[in-house]
Structures are given as structure tokens and as C-alpha cells.
Amino acid sequence: MLPTINEAENLKVLLPMLRNALTNYDWFITVVDDGSTDGTQDVVNDFAKSTGRAVLIERGARLGLGSAIKVGMRFCLERGANIIVVMDADLQHPPEVVPKLIDAVANGADLAIASRYVHGGGIVGWSLKRLLISKGATYMARLLMPWVRNIKDPISGFFAISASKLRDVIDLLSDFSGYKLILELLTVMRAKYGDGYSVVEVPYVFRGRAYGASKLGRSELIGYAMLVLRLSNYSVFKYLVSLVLGSLIGYLSFIALPKFNPFIVNLFSIELSLFTAITLYLLLMGMRLNPRHYLKYHFVKYSAVALKLAFFAMSMPIVVVLLISGIVQLLLTLRFIPTNSIVVHTI
């Protein structure tokens, strides 16, 4: 399944390469085009006439990558496909990897992800800036979405999925996932099956475009960040609210209590702040109040307290101390207190 916008030159190369790579399979190619003006439609139609194995779905306007992929996958399901491969049409996803993805699903995996970050994978032709953006996006997803932490490349746009599993979850996918639909797919599969689905990663080397310009821009990066926040049930914001309220209650208790023993009063205010913050966070996240979470949060809280004391001993400005310790506390909380995924319904 190929979503396209102005990929005529790339498709002239890619379509014959896919045909050669898939000679041992019963295959067809679905292209969903969002208003190309460079002759993309003619390239696909010519290939369809010569092979009888391609279908062009023209939508006439840029209606979004997420919705284009959904339309293409749904069409593949209607055509009776057993395994559906999603890939870019810009030659950055090598066609010779497609049979490996198909074989992985045919051999029992529910989802096979082409990965740049497992042994044998890699990236060629990227600037340091682009590599840092990719690594940062990967870390953000793995931090805020614990159910993807075991996956090395959870933001890959190149994957194969079992039709039987896709059929059960496709209506749960939104149209707004953009080029990182795999994150939403992993989220709804977890919500649907729990741990009852299997994911494998297949190494590949990601290369720069042969023709055309990258569509990655500021709006795509902002959209990605909002997607991860949404799929993580806005855990960052909910924790910050809980932390502020917990700290406020702890501070007010410290002021209100008589100072018969400053150490005990201070310890009590810290414990009250800790208990309030983690309780509010768990409730806002829709999670059960589990004693293990309270124990883990003790480690988080007292690690932050120890960090503050160390920084104060170095005479660092209080604003810097509070900022650094707050960030560390946030990161540790998100790392050690698992969050629940949410089921995202089509809007």
C-alpha cells in the first residue's frame, strides 16, 4: 500500500522493483494519491495496464497521510489480502525488504516493523540535525508510551500487518496519525489484545530520497508531538498538575504545622506532598491505586530531594535547582510509573 503526492519519478523506479521482488508471491499494489500534479496517476495506470496488479485510488486533494493509509488498508482488506505492507513511495524504503516483512507475518508475527535501529539496520545520507530529530522522537515515544519500549524503531513508517489483526482494529484508528500511524496502531492493538499479539523487527537501511523533496517540516513535528501526548493519555500534563498540587499541599502543611521538630515536620510535608501527587496522578490517568506505585514514587521523590540538596550545597541559583530537579522528577516518574494507553476512535 503506497500513499503518494507527486511521486511520479520515484514510482517509475519503485513499481518495477516491487514487481521483481514479489515474483514468488500473489500480490497487488494499492496506490492512494492525494492530488498529484506531476503525472503520478499516469505512471500507476500504465503499470496497472501492463501487469494487472495495481489499483489507483484518486482522492483529488491532500486529505492527510493517516487517512490515505487507512483508505488503502481498508481497500486491501476488501480485496481479500492476507498480509498488508505499508511503505513510502520515495525509494527510502527498499523494496527488497518487503518479502522479509511478508515472511515474518506469514511465519506467525501479527506485525512486522522494518527497523533502522536493530542490528543490521541503519541510516545513510542524513544530516546530524535529522538524525537527532529521529532519535528524539523515538525516545519521546518510548518514554511516554511504555508499551512500545521493547521496540527499537516504534516510529517506522514501513511495516507489514496481518489482515486478521488489522480487520479488528482499523475502525479504532483516527485519520490524524500522519506519517507515524504505527504508534497509533501499536496503541490500539495493545488496547484490543493486551499482550496477546506479537511484533518483530526486520532490519533495513534507510536512504535519502532519489527524487523530490522531503515532506517533513515543522507542522509534521508538532503533529507528531501532539500524537504522542494524545496516545500517552496526556501523562506529562496530568503529572505536572499533580506535582504542583501535591507540592502546594506539602508546603501549606509545612507552614501550618507547629515546628516542635523541624526534621519531622519537613519529613511529614514531603510525605504528604508525595502521597497527594501520586494519588492525583493515578486517578487522572485512570489507573488503580497500587502500593507498588507509591514505593516507586518514593524513589523518584527522594532522588529529586537528594539532587536539590546537592545543588544547594554547590550554591546554585534556586530557580536552576528547581528546574533541573523538576525535570528529573518528571522523567523518572514517566519511566517508573507505567501509563495506560487510550483507545483512539475515529473522529
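Rules behind the numbers
Counting of residues starts from 1 at the beginning of each chain's written sequence and follows it residue by residue. Reporting of local features is limited, given that this is a predicted model, to residues whose pLDDT is at least 70; pairs of side-chain atoms are given and counted only at 80 or more, and all residues count toward the totals for whole chains, interfaces and linings. Neither water nor hydrogens contribute to the side-chain values; these are computed over all heavy atoms in the structure. What counts as a ring pair is set by centres within 6.5 Å for rings of Phe, Tyr and Trp (its six-membered ring), and what kind of pair is set by the plane angle: stacked under 30 degrees, edge-to-face over 60, tilted for all other angles. Secondary structure elements are taken from DSSP: a helix is a run of H or I of four residues or more, a strand is a run of E of two residues or more, and numbering for both begins at the N terminus. Residue contacts are defined here by distance: any two heavy atoms, one from each residue, within 4.5 Å place the two residues in contact. Polar contacts, as counted here, are pairs of nitrogen or oxygen atoms within 3.5 Å of one another; within protein the pair requires one atom able to donate a hydrogen and one able to accept it, and residues that are adjacent in sequence qualify only if both atoms are side-chain atoms. Here the axes come from fitting lines to C-alpha atoms, over the contacting stretch only for helices, and the angles between their N-to-C directions go from 0 to 180 degrees. Oblique is the label for any angle not covered by the other classes, which are roughly parallel (under 35 degrees), roughly antiparallel (over 145) and roughly perpendicular (65 to 115). Take the far helix as the reference: if the near one is turned anticlockwise from it by less than a right angle, the crossing is left-handed, and if turned clockwise, right-handed. When residue character is reported, Ala, Val, Leu, Ile, Met, Phe, Trp, Tyr, Cys and Pro are called nonpolar, Asp, Glu, Lys and Arg charged, and the others, Gly included, polar. Definitions used for this entry: grid spacing 1 Å over protein atoms alone; cavity, a set of points where a 1.4 Å probe fits but cannot get out; pocket, an open set with protein on both sides within 12 Å along at least 5 of 7 lines; lining residue, one with an atom within 4 Å of a point. Grid points are joined across faces, edges and corners, and a volume is the space filled by probe spheres set on the points.

Colleague: Break down the packing of aromatic side chains for me, citing the residues and quoting the values.
Modeller: Per the stated rule, a full pass over the model turns up 8 aromatic pairs. Ring geometry for Trp-27 and Phe-47: centres 6.5 Å apart, planes at 35°, overall tilted. Here Trp-27, found in the loop between helix H1 (8-21) and strand E2 (29-33), pairs with Phe-47, found in helix H2 (residues 40-51); they are 20 residues apart in sequence, far enough to count as distant. Aromatic side chains Phe-158 and Tyr-204 sit 5.5 Å apart centroid to centroid with 90° between the ring planes, which places their arrangement in the edge-to-face category.

Colleague: Would you mind going over the environment of Thr-40 in detail, with residue names and values included?
Modeller: Along the polypeptide, Thr-40 turns up in helix H2. Each C-alpha atom of the pair Thr-40 and Ala-277 lies 55 Å from the other, and the pair is 237 residues apart in sequence. Setting aside residues up to four positions removed in sequence, Thr-40 forms contacts with Thr-4, Asn-6, Glu-7, Ala-8, Leu-11 and Asp-33. Polar side-chain contacts of Thr-40 include one of 3.1 Å to the backbone nitrogen of Ala-8.

Colleague: How would you explain the packing of helix H11 (residues 291-313) against helix H12 (residues 318-336) if you had to name every residue and give the values?
Modeller: Contact geometry for H11 and H12: axes closest at 9 Å, N-to-C directions at 160°. Taken together, the axes of H11 and H12 lie roughly antiparallel to each other. When the axes of H11 and H12 are compared, the crossing they make is right-handed. Note on element contacts: H12 touches H11 through Ile-318, Val-321, Leu-322, Ile-324, Ser-325, Val-328, Gln-329, Leu-332, Thr-333 and Phe-336, opposite Lys-296, Tyr-297, Phe-299, Val-300, Lys-301, Ser-303, Ala-304, Leu-307, Lys-308, Phe-311 and Phe-312. When its residues are assigned to classes, the contact of H11 with H12 shows 14 nonpolar, 4 polar and 3 charged.

Colleague: Residue-level account of the layout of surface pockets, with values.
Modeller: There is about 610 Å³ of room inside the second largest pocket. Lining the second largest pocket are 22 residues, and of these Ser-247, Ile-270, Lys-301, Lys-308 and Leu-322 sit closest to its centre. When contributions to the lining of the second largest pocket are tallied by element, the ones reaching two or more residues are helix H9 (235-256), helix H10 (262-284), H11 and H12. Broken down by element, the residue count for the lining of the second largest pocket peaks at 7 residues, all from H9. Taken together, the residues of the lining of the second largest pocket sort by class into 12 nonpolar, 8 polar and 2 charged.

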